[in-house]
Amino acid sequence: MIQPTLLQPADRRLAAAAIASILLLGSARLLLDIFKTNHQPHLSTIHNKPSPPPIFLSPADRRSFSPAKCNPFEGQWVWNDDHNVTSSSSPSPLYTEDSCPYLVKQTTCQRNGRPDGAYQRWRWKPAGCELPPFEAAKMLDVVRGKRVMFVGDSVMRSQFESMVCMVQAAVPRGARSFDRVPPRKVFRAGGEWDVTLEYYWAPFIVESISDHATNHTVHKRLVSLDAIDKHGATWKEADVLVFESYVWWMHKPFINATYGSPENIREYDVATAYKVAMETWANWLEANINPRRQSVFFMSMSPTHL
């Protein structure tokens, strides 16, 4: 029998909310959550290591973006050009294919033949305010000493790569590293920050026969709707978790899955199977995540990228 999730209604609504842009919205949310005071200690100070002056939200940032007055999750994409880039806007693009060595072949649009770069000049604007400009050093500072983990399929992989590309230039070459240990990719910003940005390949969030990061079937997938602990063992200690799963919707209207016994394979309606998998995930969060020290985001929608 499927156990109901223990998450409160407010948490359910948050988990169901569509995050339009992890790249900018996640950064703004982290800034707001962490910098409620100008007197937060740094881990390097706690461990008696020399620390540079902390970077906080400026008075201009605070004036331009107030969580009490503006919902960052409602807004629209607007075009950045020489005439409408304001002091509150991040310059675009924040990185290029040539400036970032961490992009996989599938996400290098121009190397794959796209003739224009116009797609790089859009930015997210909340309905009632402006987001603070993205600053790589500030982003690294607010997650100093923490693990930020992106979990999902190839859509989330591209979000992880974009975040890495946005911050890597601020890290001295000798202080940064990038490791591929399937099903993870790990970017480390050492030195004064001690930040880890990670990607974990879990295309259905719950376990499936497609969990190998490079050797997996695209079609005829089999999903274990009540199995998640193998993945979760790696997620438990992350300070920030960002989840996403687009591939569910590549299998409408049916998908093969198991529940209860790995031998009990049957065909499920995709929406039903997805609901069961999300309940398994929500119950795992309830049992393993401490909301006082960990943050969880769910990216629920994406345009097709085929």
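From a predicted model like this one, the values you see are computed outputs, not experimental measurements. (Residues numbered from 1 in each chain as written. Predicted model: local features only at pLDDT ≥ 70, side-chain atom pairs only at ≥ 80, totals over all residues. Heavy atoms only, no water.)

A.B. asks: I keep staring at helix α8 (residues 270–288) and nothing clicks. Help me out?
C.D. replies: Given 3.6 residues per turn, any residue in an α-helix points the same way as the ones three and four places further on. The end-to-end C-alpha distance of α8 is 27 Å, a good match for the 27 Å that 19 residues give at a rise of 1.5 Å each. Considered for burial, the residues of α8 that qualify are Val270, Ala273, Tyr274, Val276, Ala277, Met278, Glu279, Thr280, Trp281, Ala282, Trp284 and Leu285. Sitting at the amino-terminal end of α8 is aspartate 269, which places a side-chain oxygen 3.1 Å from the backbone nitrogen of alanine 271. (Helix = DSSP H or I, 4+ residues; strand = E, 2+ residues; numbered from the N terminus. Expected span 1.5 Å × (residues − 1). Buried < 20%, exposed > 50% of the residue type's maximum accessible area, 1.4 Å probe, protein only. Polar contact = N/O pair within 3.5 Å; in protein donor to acceptor, adjacent residues only side chain to side chain.)

A.B. asks: Got a minute to help me understand the state of the cysteines in this structure?
C.D. replies: What is meant by a disulfide is a covalent connection between two cysteines, made through their sulfur atoms. For the structure shown, the criterion picks out 2 disulfides. Disulfide pairing is shown between cysteine 70 and cysteine 129; the S-S distance is 2.1 Å. Because the torsion about its S-S bond is -65 degrees, the bridge between cysteine 70 and cysteine 129 counts as left-handed. Taken as a pair, cysteine 70 in the loop between α4 (59–64) and β1 (75–79) and cysteine 129 in the loop between β2 (122–126) and α5 (136–142) lie far apart in primary sequence, 59 residues in all. Pair check on accessibility: cysteine 70 and cysteine 129 agree, each one buried. Of note for the protein: the bonded cysteines, numbered N- to C-terminal, pair according to 1-3, 2-4. (Disulfide = S-S within 2.5 Å.)

A.B. asks: How should the sheet that holds strand β10 (residues 265–269) be read in this particular structure?
C.D. replies: Where strands meet in a sheet, backbone hydrogen bonds hold them as pairs that are either parallel or antiparallel. Spatially, β7-β9-β10 is the arrangement adopted by the 3 strands of the open sheet, whose pairing is mixed. The strands lining the two open edges of the sheet, one partner per strand, are β7 (222–224) and β10. Here the strands of the sheet are splayed against their neighbours by 45 degrees on average, with no regard to which way each runs. Relative to β10, α8 is tilted by about 105 degrees, and along the sheet it contacts β9 (254–258) and β10. (Pairing = 2+ DSSP bridges. Axes fitted to C-alpha atoms, helices over the stretch in contact; angles between N-to-C directions. Contact = heavy atoms within 4.5 Å.)

A.B. asks: What's the story with the confidence of the model for the protein in this structure? I'm lost.
C.D. replies: Atomic detail in the predicted coordinates should be set aside for any region of low pLDDT. On average, residues of the protein score 79 in pLDDT, and 74% of them are at 70 or above. Across residues 1–50, confidence stays below pLDDT 50; counting only partners more than four residues off in sequence or on other chains, it has 91 contacts. (pLDDT = per-residue confidence, 0-100.)

A.B. asks: Got a minute to help me understand the environment of threonine 280 in this structure?
C.D. replies: Turning to its location among the elements, threonine 280 is positioned in helix α8. Through-space distance from the C-alpha of threonine 280 to that of leucine 225 is 7.1 Å; in sequence the pair is 55 residues apart. Setting aside anything within four residues of it in sequence, one finds threonine 280 in contact with Val206, Leu225, Asp226, Ala227 and Ile228.

A.B. asks: Where do I start with the nonpolar core in this structure?
C.D. replies: For soluble globular proteins, the rule of thumb is that nonpolar side chains tend to be buried together. Residues Leu140, Phe150, Phe160, Val167, Phe187, Val195 and Leu197 are the most contacted members of the largest nonpolar core, which totals 34 residues. When residues of this core are traced back to their parent elements, those giving at least two are α5, β3 (147–152), α6 (154–167), β5 (184–189), β6 (195–201), β8 (240–244) and β11 (295–299). Broken down by element, this core gets its largest block of residues, 8 residues, from α6. Beyond its immediate sequence surroundings of up to four residues, valine 195 is in contact with Leu140, Val143, Arg144, Gly145, Lys146, Phe187, Arg188 and Ala189. (Core = buried A, V, L, I, M, F, W, Y, C linked by side-chain atoms within 4.5 Å.)

A.B. asks: Help me understand α6 in this model?
C.D. replies: With 14 residues, α6 should reach 20 Å at 1.5 Å per residue; the first-to-last C-alpha distance of 20 Å fits that figure. Burial analysis of α6 places 12 of its 14 residues in the buried class, the great majority of the element. Within α6 the residues assigned to the buried category are Val155, Met156, Arg157, Gln159, Phe160, Glu161, Ser162, Met163, Val164, Cys165, Met166 and Val167. Capping the start of α6, aspartate 153 holds a side-chain oxygen 3.0 Å from the backbone nitrogen of valine 155, two or three residues further along.

A.B. asks: What am I meant to see in a nonpolar patch on the surface here?
C.D. replies: Taken together, the side chains of Trp77, Trp79 and Trp122 present a nonpolar region at the surface, about 320 Å² in accessible area. With respect to the secondary-structure elements, tryptophan 122 resides in strand β2. (Patch = residues over 30% accessible without salt bridge, like charges linked within 9 Å, V, L, I, M, F, W, Y side chains within 5 Å. Areas by Shrake-Rupley, 256 points an atom, 1.4 Å probe, with all protein chains shown as cover. Salt bridge = Lys/Arg side-chain N within 4 Å of Asp/Glu carboxyl O.)

A.B. asks: Would you explain the packing of aromatic side chains in this entry?
C.D. replies: Any aromatic ring pair is given by two values, namely how distant the centres are and how the planes are angled relative to each other. Throughout the structure, instances matching the rule amount to 15 aromatic pairs. Between tryptophan 77 and tryptophan 124, the ring centres sit 5.5 Å apart and the planes meet at 70 degrees, which makes this aromatic pair edge-to-face. With a gap of 47 residues between them, tryptophan 77 in strand β1 and tryptophan 124 in strand β2 connect regions that are remote in the sequence. Given a relative accessible area of 40%, tryptophan 77 falls into the partly exposed group. The exposure class assigned to tryptophan 124 is buried, which follows from its relative accessible area of 6%. Pairing tyrosine 102 with phenylalanine 178 gives two aromatic rings, centres 4.8 Å apart and planes at 20 degrees, and the pair type is stacked. Taken together, the positions of tyrosine 102 in the loop between β1 and β2 and phenylalanine 178 in strand β4 (residues 176–181) put the pair 76 residues apart, joining distant regions of the chain. With relative accessibility at 16%, the residue phenylalanine 178 sits in the buried group. (Phe/Tyr/Trp six-rings, centres within 6.5 Å; stacked < 30°, edge-to-face > 60°.)

A.B. asks: What exactly am I supposed to notice about unusual backbone geometry here?
C.D. replies: Excluding glycine, residues mostly carry a negative phi; peptide bonds, for their part, are mostly trans. In this model, proline 182 is joined to proline 183 through a cis peptide bond whose omega is 10 degrees. Inspection of the secondary structure assignment puts proline 183 in the loop between β4 and β5. Backbone geometry at aspartate 194 places phi at a positive 55 degrees, although glycine is not the residue there. Examined against the element boundaries, aspartate 194 turns out to sit in the loop between β5 and β6. Note on aspartate 194: relative accessible area 51%, which makes it exposed. Phi at isoleucine 205 takes a positive value of approximately 65 degrees, unusual for a residue other than glycine. Counting through the fold element by element, isoleucine 205 comes out in the loop between β6 and β7. Among the residues examined, isoleucine 205 registers a relative accessible area of 0% and is labelled buried.

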